[in-house]
Amino acid sequence: MELVVTRNFGRPESWTLASYREAGGYEALERVLKEMTPEEVTDLIKASDLTGRGGAFFPTGLKWEFVRKDPKTPRYVVVNADESEPGTYVNRLSLELDPHMTIEGMIIAAYASNAERGYFYIRGEYGLSHERVKAAMREAYEAGYLGQGICGRDDFNLEVEFRRGAGAYIVGEETALFNSLEGKRGNPRFKPPFPTNFGVWGLPTAINNVETLAAAPAIVMNGAEWFKDLGIGDAAGTKMYCLSGNVVNPVCVELPLGVSAREVIMEHGGGVPEGRTLKGFKPGGASSAPLTPAELDAALEPKSMADLGTIMGTGGVVVFDDTTCMVDVAYRDALFFEDESCGFCIPCREGTPNLVQICERILHGQGTMDDLDLLEELGASMMASFCGLGHFAHQPVRGAVSRFRDEFEAYIHGRR
Amino acid sequence: MAIHHTELETPPGREPLPESERPKLETLRERLQPLKELPGSSIEALYAAQELFSYVPPEAMTLIAEELKIPESQVFGVVTFYTMFSLEPQAPNVLRVCRDLSCHLAGAPKLIGALEDALGVRHGHTSPDGQFTLKVVSCLGLCDMQPALLVNLDQHGPVMPDDVPDLLDGIRNGAG
Ligand SMILES: Cc1cc2nc3c(=O)[nH]c(=O)nc-3n(C[C@H](O)[C@H](O)[C@H](O)COP(=O)(O)O)c2cc1C
Ligand code: SF4
Ligand code: FES
């Protein structure tokens, strides 16, 4: 398998400019600036079918084109490195091991969307990432890849500011991130208008996940078809999948988008520990509803996950063996969303603690069958939430009930 | 950000800054000067305050509001929004232990218990020797190191209950 975004991870001092250049780094940027118009770049990225790795899988080329076509200036590019979805650590590895690849992708995105300012926003807890990205940005400025007159093109400037968060999952939501950049509380904003027209400071903004941007240089060098063909079936490109939970090897592997959960968990994760059996798994972080071993052959890509009533999410695959209680799993997810709800809208602010209470009731043997129906009703009411957090928060709990109902009933009927 | 979670600390007192700490406000004022050129940098301003005082005292919030020309209510809103800011004094070593799913499955509850025993405090509090503040937090993005924790911003994991004495000794001896 050809690697795209992790191909430099094993190189000595892979995070330095010297190492990145030795591996062909910034050649894509030079090619773009010498040979391509911004239109040609967005056409290329559109043709590659690159979609947002932050979880929403929106077409990246289209996003950059929307920004370019908005007449308001200055336009912005923003790197979303707020990665905080439980079970997910793919962006952290990219930031620690190959920050320049994301920076190069960001500069290409700026050129394609005719942006002249940018922010690199990293969650507050990623200390090593802060150091590596700040150092890489300094190197990029010194080498003339950032700043005024990039690579000798006096019509292309990009000033990027490094920013860090301070502990808030919700700030990963793009409009909340803009509020955070503006020095405000990180509550989400109403959409529309969308970030491409009304982003940070109300200006057109291309905001992308680290992994999305990191894929751009390789697409420039190898072409749209090459990237598209790396995926399985209709899915294009690769994805970093990362494993955790009851798995022998909690590792991150870059694989074709659309690989089966079986391959990720069994081959790369080494399956569950000796003497245990697989009970289930989550395909992509806390927000994704769990699946069963019968669904191991499903393709880990957005469409087939949606068909199964869950989401592809972030690629954070969490594995459960027979020693794990699925009611407890649902409870842990509920606790996470209760803590991370920003409290701005009622369905989520009230709904997330309700999810916790119902799970607690069931775990303490005080639940009734009505509670399982109540979860369904609560989920429906939470769909009226203001942002994606509230829309997703109930899915893992309800998903656990629908796939592992016998475990919930065992508590309710006092068999546990 | 949780509103009424049982694991949350009691609402912090808004004690005025002790007289001995007041000179640091001048240092803070100096450190805020470059941030005036960077609109929206209230988070960095608060980090600067927390670095000096170990927490964000009310006087620092007033100063930040004045210097950055933003309402004090906005500064307070930001401090209370982000979990990494504290309104109460903290120890020089803040331990943040992940309690989310992957770490939970890998033994985070036992790890938290071992840390509470070794430090002699419940999480959310500072150890009697004043060296450690223990916090239980959401996923740190260190799930490959499950169960994981941060010592200030240094990443550790997997940390098993048996590793706790050595970990704490290491930090006490400055190797943290
Ligand atoms: C609650 C919530 C949290 C999110 N957290 C992140 C995050 O940490 N990182 C990220 O890239 N996208 C996150 N997103 C998605 C972003 O809103 C946005 O879609 C993404 O940054 C766009 O970049 P992409 O197109 O490259 O994926 C989150 C969305 C929601 C609703
Ligand atoms: S859904 Fe939740 S996180 Fe989103 S705005 Fe409402 S309260 Fe905040
Ligand atoms: S679940 Fe503990 S670091 Fe991610």
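Residues numbered from 1 in each chain as written. Chains lettered and ligands numbered in written order. Predicted model: local features only at pLDDT ≥ 70, side-chain atom pairs only at ≥ 80, totals over all residues. Heavy atoms only, no water.

Before going further, it helps to examine the overall build of chain B. Within chain B, the secondary structure is distributed over seven helices and four strands. For chain B, the α and β elements follow one another from N to C terminus as α-α-α-α-β-α-α-β-β-β-α. Computed over its C-alpha atoms, the radius of gyration of chain B comes to 17 Å, within 12% of the 16 Å expected for a compact globule of 176 residues. Counting over 176 residues, chain B shows a buried share of 53%. Partitioning the contacts of chain B with sequence separation of at least 6, the portion at a separation of at least 24 is 63%. (Helix = DSSP H or I, 4+ residues; strand = E, 2+ residues; numbered from the N terminus. Rg over C-alpha atoms; globule rule 2.2 N^0.38 Å. Buried < 20%, exposed > 50% of the residue type's maximum accessible area, 1.4 Å probe, protein only. Contact = heavy atoms within 4.5 Å.)

Check the secondary structure of chain A and you find 18 helices and eight strands. Its C-alpha radius of gyration of 22 Å places chain A within 12% of the 22 Å reference for a compact globule of 416 residues. If one aligns the C-alpha atoms of chain A with their principal axes, the spans along those axes are about 75 × 45 × 35 Å. With 416 residues in all, chain A has 64% of them scored as buried. Roughly 14,600 Å² of accessible area belongs to chain A as shown, and the carbon and sulfur atoms make up 51% of that amount. In chain A, 40 side chains carry a positive charge and 59 a negative one; their mean positions are 3 Å apart. (Areas by Shrake-Rupley, 256 points an atom, 1.4 Å probe, with all protein chains shown as cover. Lys, Arg positive; Asp, Glu negative; His and termini not counted. Charge placed at Lys NZ, Arg CZ, Asp CG, Glu CD.)

Residues and elements named next belong to chain A. Taken in spatial order, the four strands of this open sheet run 6-5-8-7, and their pairing is mixed. A single partner strand is all that each edge strand has here, and the edge strands are strand 6 (252-256) and strand 7 (278-282). With direction set aside, neighbouring strand axes in the sheet form an average angle of 30°. With four bridges connecting them, strand 7 and strand 8 (residues 316-321) associate as antiparallel partners. (Pairing = 2+ DSSP bridges. Axes fitted to C-alpha atoms, helices over the stretch in contact; angles between N-to-C directions.)

Another aspect to go through is the interface of chain B and chain A. Counting residues at the interface gives 40 residues for chain B, matched by 58 residues for chain A. For the pair chain B and chain A, the summed buried surface comes to about 3,900 Å²; carbon and sulfur atoms form 54% of the total. Taken together, the connections running from chain B to chain A amount to three salt bridges. Here A:Arg92 ties to B:Asp144 by a salt bridge, and the two come within 3.1 Å at their closest N and O atoms. At the junction of chain B with chain A, the criterion picks out 23 residue pairs in polar contact (both at pLDDT 80 or more). At the level of secondary structure, the elements contributing two or more residues to the side of chain B that touches chain A comprise helix 2 (42-53), helix 4 (72-81) and helix 5 (101-105) of chain B. In terms of residue count, helix 4 of chain B provides more of the side of chain B that touches chain A than any other element does, five residues in total. (Buried area = accessible area lost by both parts, 1.4 Å probe. Salt bridge = Lys/Arg side-chain N within 4 Å of Asp/Glu carboxyl O. Polar contact = N/O pair within 3.5 Å; in protein donor to acceptor, adjacent residues only side chain to side chain.)

To continue, consider the pattern of salt bridges. Residue and element names in this part refer to chain A. On inspection of all chains with the given rule, the structure shows 39 salt bridges over all chains. Glutamate 174 serves as the salt-bridge partner of lysine 191, at 3.0 Å between the closest nitrogen and oxygen. Linking lysine 191 in the loop between helix 8 (174-181) and strand 4 (205-209) with glutamate 174 in helix 8, this pair joins segments that are 17 residues apart in sequence. Under the relative-accessibility criterion, lysine 191 is labelled partly exposed at 31%.

What follows deals with the site of ligand 1. All names here are of chain A. Every one of the 19 residues lining ligand 1 counts as a neighbour, but Gly54, Asn80, Asn208, Asn209 and Thr212 are closest to it. Contacts to ligand 1 include glutamate 174, whose backbone N or O atom sits 3.0 Å from an oxygen atom. Contact with the protein chains covers 89% of the free accessible surface of ligand 1, which is 610 Å². Those elements that place two or more of their residues in the shell around ligand 1 are strand 4 and helix 16 (388-393). Ranked by residue count, the leading element in the shell around ligand 1 is strand 4, at three residues. For the shell around ligand 1, the per-class residue count stands at four nonpolar, nine polar and six charged. (Near = heavy atom within 4 Å. Nonpolar A, V, L, I, M, F, W, Y, C, P; charged D, E, K, R; others polar.)

So, about the domain arrangement of chain B. You can read the domains of chain B as domain 1 (19-81) and domain 2 (93-172). Computed from C-alpha atoms alone, the centre-to-centre distance between domain 1 of chain B and domain 2 of chain B is 29 Å. (Domains from an automatic or database assignment.)

Residue and element names in this part refer to chain A. Contacts to ligand 2 come from 13 residues, most closely from Cys342, Phe344, Cys345, Cys348 and Cys387. Judged by its atoms lying within 2 Å of the grid points, ligand 2 is housed in the largest cavity. Within the shell around ligand 2, the residues separate by chemical class into nine nonpolar, four polar and no charged. (1 Å grid on protein atoms, 1.4 Å probe; cavity = no way out; pocket = protein on both sides within 12 Å on 5 of 7 lines; lining within 4 Å. Sits in = over half its atoms within 2 Å of the grid points.)

With that settled, the discussion passes to the pairing of strand 8 of chain A. Two faces, one strand: in a regular strand the side chains alternate between the faces of the sheet. Residue and element names in this part refer to chain A. Taking burial as the measure, the six residues of strand 8 include six buried ones, the bulk of the element. On strand 8, burial covers both faces: Gly316, Val318 and Phe320 on one face and Val317, Val319 and Asp321 on the other are all buried. Sheet topology places strand 5 (residues 238-245) next to strand 8; four bridges connect them, and they run parallel. Counterpart to cysteine 242 in the pairing with strand 8 is glycine 316.

Under the criterion given, the structure shown has three cavities of 30 Å³ or more. Looking at the largest cavity, its volume works out to about 60 Å³. Every residue along the wall of the largest cavity is listed here: A:Ile170, A:Pro188, A:Ser341, A:Cys342, A:Gly343, A:Phe344, A:Cys345, A:Cys348, A:Phe386, A:Cys387, A:Leu389 and A:Gly390. Across the lining of the largest cavity, the residue classes tally to nine nonpolar, three polar and no charged. Size it by volume and the second largest cavity reaches roughly 50 Å³. Forming the boundary of the second largest cavity are A:Tyr121, A:Arg163, A:Arg164, A:Ser180, B:Gly40, B:Ser41, B:Ser42, B:Ile43 and B:Glu44. Listed by contribution, the elements that provide at least two residues to the lining of the second largest cavity are strand 3 (159-164) of chain A together with helix 2 of chain B. Top contributing element to the lining of the second largest cavity by residue count: helix 2 of chain B, with three residues. (Points joined across faces, edges and corners; volume = space filled by probe spheres on them.)

On to the packing of helix 13 (residues 326-340) of chain A against helix 17 (residues 395-403) of chain A. All names here are of chain A. It is the contact of helix 13 with helix 17, at a shortest axis distance of 8 Å, that shows an interaxial angle of 170°. Between helix 13 and helix 17, the angle falls in the class roughly antiparallel. Between helix 13 and helix 17, the contacting residues are Met326, Ala330, Asp333, Ala334 and Phe337 on the first element and Pro396, Val397 and Ala400 on the second. Considered class by class, the residues forming the contact of helix 13 with helix 17 number seven nonpolar, no polar and one charged. (Parallel < 35°, antiparallel > 145°, perpendicular 65-115°, else oblique.)

In this structure, B:Leu28 and B:Tyr82 are the most contacted members of the largest nonpolar core, which totals 76 residues. Here this core takes eight residues from helix 2 of chain B, the largest share from any one element. Non-local contacts of B:Tyr82, meaning those with residues more than four positions away in its chain, are made with A:Tyr121, A:Ala166, A:Gly167, A:Ala168, A:Val171, A:Ser180, A:Lys184, A:Arg185, A:Gly186 and B:Ile43. The next biggest cluster of nonpolar side chains, apart from the first, holds 65 residues, and it includes A:Val5, A:Ala28, A:Val41 and A:Leu95. (Core = buried A, V, L, I, M, F, W, Y, C linked by side-chain atoms within 4.5 Å.)

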